[in-house]
Amino acid sequence: MTATVTAGVVAAARIVAAPDGRGGTALPVLAGQGPFALRRTGVRGPEARVALVGAMSAPLGGDRLTLSAEVEDGAALRFATTAATIALPGRTGAPATYDTSLRVGDGAALHWLPEPLISARGSDLRTATRAELAAGARLVLREEQVLGRTGEPPGRLVSRLTVRRAGRPLFDQELAYGPGVPGWDGGAVLGGHRAVGQLVVVDPAFEHRPAEPRLLGGTAVLTPLAGPAVAVSAVAPDALALRKLLDSLLSYISGVVKAI
């Protein structure tokens, strides 16, 4: 008897945040399928808060996952996940894909702060995050990747992050790690580290005074972008050290914005 190999999971989730007419933010759309369970976690001032709770193991090889969030003009949303996302091998042998689409309107703000993505041994994942911002939008976006669980080599991971503002490119970076990727663990890329992170902060305040380049601890750098924005790239030996590094830089950036 020949075993039947089933296809991966195809699932989507969607968030829409809109002004509630009383100075706050409503969530008229909060919908998820399969591994996506979205939960309202309260409000803080004008900001609505949403958490993604993993309802099942994902992404596995062959899965096709999409997550979208739209923050309408004047609204504010903070997104988080309750646990790390773990990419695992599947039964199909095909790579998994996880695409995230973000739209932020004029005068709107989005804090997109998920927990790390862990690339487990034997997994193969392609992720893409695309953010479209209006000219007056604000964005804080954090991505963290951990290459392998404790004591294991990573799977293959390809991650692309693209940010556009007012219809023009602002940031576009693709990273690739793991089996079949030349030089990913060499001195020019990770240098033996196993955690890597990106932080992109877009704020119209930077139009008045751009941020200065900054090096932190020899493993992180803050770079002003060609627009009212900065990007941070960092590597660290583990997820805890990476988060500490990114938090310190985010605190520094927030202080610069408030001082402008």
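In this report, we go over the structure that sits alongside the text. (Residues numbered from 1 in each chain as written. Predicted model: local features only at pLDDT ≥ 70, side-chain atom pairs only at ≥ 80, totals over all residues. Heavy atoms only, no water.)

## With respect to the side chain of D63
Right, on to step 1. Take D63: it is sitting in the loop between β4 (47–54) and β5 (64–71).
Right, on to step 2. At 2.7 Å, the side chain of D63 forms a polar contact with the backbone nitrogen of V9.
Right, on to step 3. At 2.8 Å, the side chain of D63 forms a polar contact with the backbone nitrogen of L60.
Right, on to step 4. Apart from residues lying up to four places away in sequence, D63 is in contact with G8, V9, A58, P95, A96 and T97. (Helix = DSSP H or I, 4+ residues; strand = E, 2+ residues; numbered from the N terminus. Polar contact = N/O pair within 3.5 Å; in protein donor to acceptor, adjacent residues only side chain to side chain. Contact = heavy atoms within 4.5 Å.)

## Concerning the packing of aromatic side chains
Right, on to step 1. This model, assessed by the stated rule, comprises 2 aromatic pairs.
Right, on to step 2. Ring geometry for F36 and Y98: centres 5.9 Å apart, planes at 70°, overall edge-to-face. Of the two residues, F36 is situated in strand β3 (residues 36–44) and Y98 in strand β8 (residues 96–104); the sequence distance between them amounts to 62 residues. As far as burial versus exposure is concerned, F36 and Y98 are alike and both buried.
Right, on to step 3. Each ring, one from F79 and one from W112, has its centre 3.8 Å from the other, and the planes form 10°; the classification is stacked. Taken as a pair, F79 in strand β6 (residues 76–81) and W112 in strand β9 (residues 109–113) lie far apart in primary sequence, 33 residues in all. W112 shares its class with F79; the two are buried.
Right, on to step 4. A cation over an aromatic ring shows up here: R214 above the ring of Y252, its NZ or CZ 4.2 Å from the ring centre. (Phe/Tyr/Trp six-rings, centres within 6.5 Å; stacked < 30°, edge-to-face > 60°. Buried < 20%, exposed > 50% of the residue type's maximum accessible area, 1.4 Å probe, protein only. Lys NZ or Arg CZ within 6 Å of the ring centre and 35° of its normal.)

## Concerning the pattern of salt bridges
Right, on to step 1. Overall, the coordinates contain 13 salt bridges when judged by the stated rule.
Right, on to step 2. Across the pair E144 and R142 runs a salt bridge, and its minimum N-O distance is 3.6 Å.
Right, on to step 3. A residue is classified by how much of its surface remains accessible, and E144, at 5% relative accessible area, is buried.
Right, on to step 4. A salt bridge links D172 to R160; the shortest N-O distance between them is 2.7 Å. (Salt bridge = Lys/Arg side-chain N within 4 Å of Asp/Glu carboxyl O.)

## Observations regarding the environment of G8
Right, on to step 1. Structurally, the position occupied by G8 is in the segment before β1 (10–19).
Right, on to step 2. Here the alpha-carbon distance between G8 and A58, two residues 50 residues apart in the chain, equals 9.7 Å.

## Overview of the environment of L170
Right, on to step 1. Mapping L170 onto the fold places it in strand β14 (residues 168–177).
Right, on to step 2. Classification of L170 as buried rests on a relative accessible area of 13%.
Right, on to step 3. In this structure the C-alpha to C-alpha distance between L170 and G227, which are 57 residues apart in sequence, comes to 6.7 Å.
Right, on to step 4. Look past the residues within four positions of L170 in its chain and what remains in contact with it is V163, R164, R165, V202, L225, A226, G227 and A229.

## So, helix α1 (residues 239–259)
Right, on to step 1. Look at α1: 30 Å from first C-alpha to last across 21 residues, which is about the 30 Å you get at 1.5 Å a residue.
Right, on to step 2. Listing the buried residues of α1 in full gives L242, R243, L245, L246, L249, L250, I253, V256 and V257. Taken around the axis of α1, the buried residues stretch over an arc of 160°, which confines them to a single face. Exposed and oriented more than 90 degrees from the buried face of α1 are L240, K244, K258 and A259.
Right, on to step 3. Packing partners of the buried residues in α1 comprise β12 (138–147), β15 (195–202), β16 (214–216), β17 (220–224) and β18 (229–236).
Right, on to step 4. The N-cap of α1, judged by a side-chain oxygen 3.3 Å from the amide nitrogen of L240 a few residues on, is D238. (Expected span 1.5 Å × (residues − 1). Arc of directions from axis to C-beta.)

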